[in-house]
Amino acid sequence: MGAAHAPEPVSAPRRGMGRESRPPESPGASVGGLLLLALSEPREPKRRRPGGGEAEGAAKRRCACPEPEPEPEPGRGRVPLGRLALDYVVPCMALYGICVKDAFLGEALGGRILAEAEGLRRGGKLRDGQLVSPRTVPARSIRGDQIAWVEGREPGCSAIGALVARVDRLILHCAGKLGGYDIQGRTKAMVACYPGNGRGYVRHVDNPHGDGRCVTCIYYLNRHWNSKVHGGILQIYPEGRSVVANIEPIFDRLLIFWSDRRNPHQVKPAYATRYAITVWYFDAKERAEAKGRHQLAAAQKDDPLPGTPVNDPT
Ligand code: OGA
Ligand code: MN
């Protein structure tokens, strides 16, 4: 599947402006014309409850996720997920539709996740990324990654499971405040590896036709990534703005963006092995409608649901 999506036609490139994806030091700083909030840490917290953050389990668990992980004690410099969600992710998405959080899990867990992704590749578990709609051109000319869908409970995938659980919790903390969506489920995790042979992923929209996916979350795993040498930048062209967000796929970075036509994007050719893990969250209503359409179409013709992974992980 095309990360489960057919690519959008490539339109005239807009002027590249975002030269950096490192977070600016202060909120409201301008990144090459695209105003982004401070990306690495949220602002000074508003105290919600004296003596503590959000109560454990305050957010209803509605995602189909692996065993809930206990919320780790926030380490030094680590922000509780509830605060990260409400003080940073929610406003960032409302303003820009794109949000970057660096040092999301920390060195230890990030390292275990990377080791698991490398293990999947070594174990021959990755397959060429596919596209949704059959095309006359080979998928490989559109996307050059190799992928596996992981639930998180498989042997050798527990750290990936912990990542997904953490992202679930972050998204649940945003409940009702992300673009009016009613997020009730998600895909499995797509572990993707660009082998570094100069291939990327052409400009596309993840969900151009309302397949239910509303939020894309990508966790990057690449230590010592130097985009000048290794390429592999993700470029997002926010709809209606003459700016480009250049996102470097650096280790322990979480990227969140709207999955629909507001965020066409492309992966520039990668010249070193590039790992990322993506999860897509579903809006309940859009997903139900898409499934209804699918059933109708399937009754008439044996067509896969457009925009849905061929190996649909749901
Ligand atoms: C995708 C995609 C971006 C990235 O798989 O749909 O756009 O940075 N990936 O890996
Ligand atoms: Mn994509």
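Since the model is a prediction, treat every value here as computed from it, not as a measurement.

Chemist: What's the story with the coordination of the manganese ion (ligand 2) in this structure? I'm lost.
Modeler: By definition of the ideal shapes, a tetrahedral metal site with four donors has angles of 109.5 degrees and an octahedral site with six donors has angles of 90 or 180 degrees. For the manganese ion (ligand 2), the full set of protein donor atoms is H204 (NE2), D206 (OD) and H265 (NE2), at a range of 2.1 Å. All donor residues of the manganese ion (ligand 2) come from one chain, and their arrangement in sequence is H-x1-D-x58-H. With H204 in strand β8 (residues 201-204) and H265 in strand β13 (residues 265-267), this residue pair connects regions lying 61 residues apart in the sequence. With respect to burial, H204 and H265 carry one shared label: buried.

Chemist: Just to check I follow, could you spell out the pattern of salt bridges for this structure?
Modeler: A side chain of one charge can pair with a side chain of the opposite charge if their charged atoms are brought near each other. Under the criterion given, the structure shown has eight salt bridges. The partner of R153 in a salt bridge is E151, with the nearest N and O atoms 3.1 Å apart. For E151, a relative accessible area of 28% gives the class partly exposed. Salt-bridge contacts for D260 lead to R262; the nearest nitrogen and oxygen are separated by 2.9 Å. With relative accessibility at 29%, the residue R262 sits in the partly exposed group.

Chemist: What am I meant to see in the confidence of the model for the protein here?
Modeler: The predicted coordinates of low-pLDDT regions are not to be read in fine detail. Mean pLDDT for the protein: 79, with 70% of residues reaching 70 or above. Note on residues 1-71: pLDDT is under 50 here. Beyond four places in sequence and across chains, it has 186 contacts. pLDDT under 50 marks residues 305-314. Its contacts with residues more than four places away, or in other chains, come to 31 contacts.

Chemist: Would you explain the pairing of strand β3 (residues 98-101) in this entry?
Modeler: Two faces belong to every sheet, and in a regular strand the side chains alternate between them. Residue alternation in β3 divides its side chains into two sets, I98 and V100 and C99 and K101, and both sets are buried. Where β3 meets strand β12 (residues 253-258), four bridges bridge the pair, whose relative direction is antiparallel. Bridged to V100 within β12 is L255.

Chemist: Looking at this structure, I do not really get the sheet that holds β8. What am I missing?
Modeler: The strands making up a sheet are joined through hydrogen bonds of the backbone, oriented either antiparallel or parallel. The strand order across the open sheet formed by four strands is β8-β13-β10-β11, and the pairing between neighbours is antiparallel. Looking at the sheet topology across the chains shown, the edges are occupied by β8 and β11 (245-247). Averaged over all pairs of adjacent strands, the angle between strand axes in this sheet comes to 10°, irrespective of strand direction. In the sheet, strand β10 (residues 234-236) pairs with β11 via three bridges, with the strands oriented antiparallel. Bridging from a neighbouring strand, Q235 pairs with N246 of β11.

Chemist: Could you clarify how one ought to interpret the packing of helix α2 (residues 107-122) against helix α3 (residues 158-173) in this entry?
Modeler: In a pair of packed helices, the angle between the axes and the distance between the axes together describe the arrangement. Here α2 crosses α3 at 125°, and the two axes come no closer than 8 Å. Viewed along their axes, α2 and α3 adopt a mutual orientation that is oblique. Our pair here, α2 against α3, has a crossing hand that is left-handed. The residues of α3 that touch α2, namely those facing L109, R112, I113, E116 and L120, are S158, A159, I160, A162, L163 and R166.

Chemist: Hey, could you run me through the environment of I236 in this one?
Modeler: By the element assignment, I236 lies in strand β10. Considered as a pair, I236 and V205 are 31 residues apart in the sequence and their alpha carbons are 9.8 Å apart. Among residues more than four places away in sequence, those in contact with I236 are I98, V243, V244, A245, I247, L255, F257, N263, P264 and H265.

Chemist: I would appreciate a short explanation of the environment of I250 in the present structure.
Modeler: Position of I250 among the secondary structure elements: in the loop between β11 and β12. Taking the relative accessible area as the measure of exposure, I250 reaches 14% and is therefore buried.

Chemist: Would you take a moment to explain the packing of helix α1 (residues 81-96) against α3 for this structure?
Modeler: Two numbers describe how α1 lies on α3: the axes approach to 8 Å, and their chain directions differ by 55°. Of the possible angle classes, the one that applies to α1 and α3 is oblique. When you trace α1 past α3, the crossing you get is right-handed. Facing α1, whose interface residues are L81, G82, L84, A85, L86 and V89, α3 presents R166, R169, L170 and H173. The residue inventory of the contact of α1 with α3, partitioned by class, reads six nonpolar, two polar and two charged.

Chemist: For this particular structure, what's the right way to read the environment of G196?
Modeler: Within the fold, G196 resides in the loop between β7 (189-194) and β8. When the C-alpha positions of G196 and G232 are compared, they lie 8.6 Å apart, and in sequence the two are 36 residues distant. Discounting chain neighbours no more than four positions away, the residues touching G196 are A270, Y271, A272 and T273.

Each value, and the rule that gives it
- Residues numbered from 1 in each chain as written.
- Chains lettered and ligands numbered in written order.
- Predicted model: local features only at pLDDT ≥ 70, side-chain atom pairs only at ≥ 80, totals over all residues.
- Heavy atoms only, no water.
- Donors = N, O, S within 2.8 Å, 3.2 Å for Na, K, Ca; no water.
- Helix = DSSP H or I, 4+ residues; strand = E, 2+ residues; numbered from the N terminus.
- Buried < 20%, exposed > 50% of the residue type's maximum accessible area, 1.4 Å probe, protein only.
- Salt bridge = Lys/Arg side-chain N within 4 Å of Asp/Glu carboxyl O.
- pLDDT = per-residue confidence, 0-100.
- Contact = heavy atoms within 4.5 Å.
- Pairing = 2+ DSSP bridges.
- Axes fitted to C-alpha atoms, helices over the stretch in contact; angles between N-to-C directions.
- Parallel < 35°, antiparallel > 145°, perpendicular 65-115°, else oblique.
- Left-handed = near helix turned anticlockwise from the far one by under 90°.
- Nonpolar A, V, L, I, M, F, W, Y, C, P; charged D, E, K, R; others polar.

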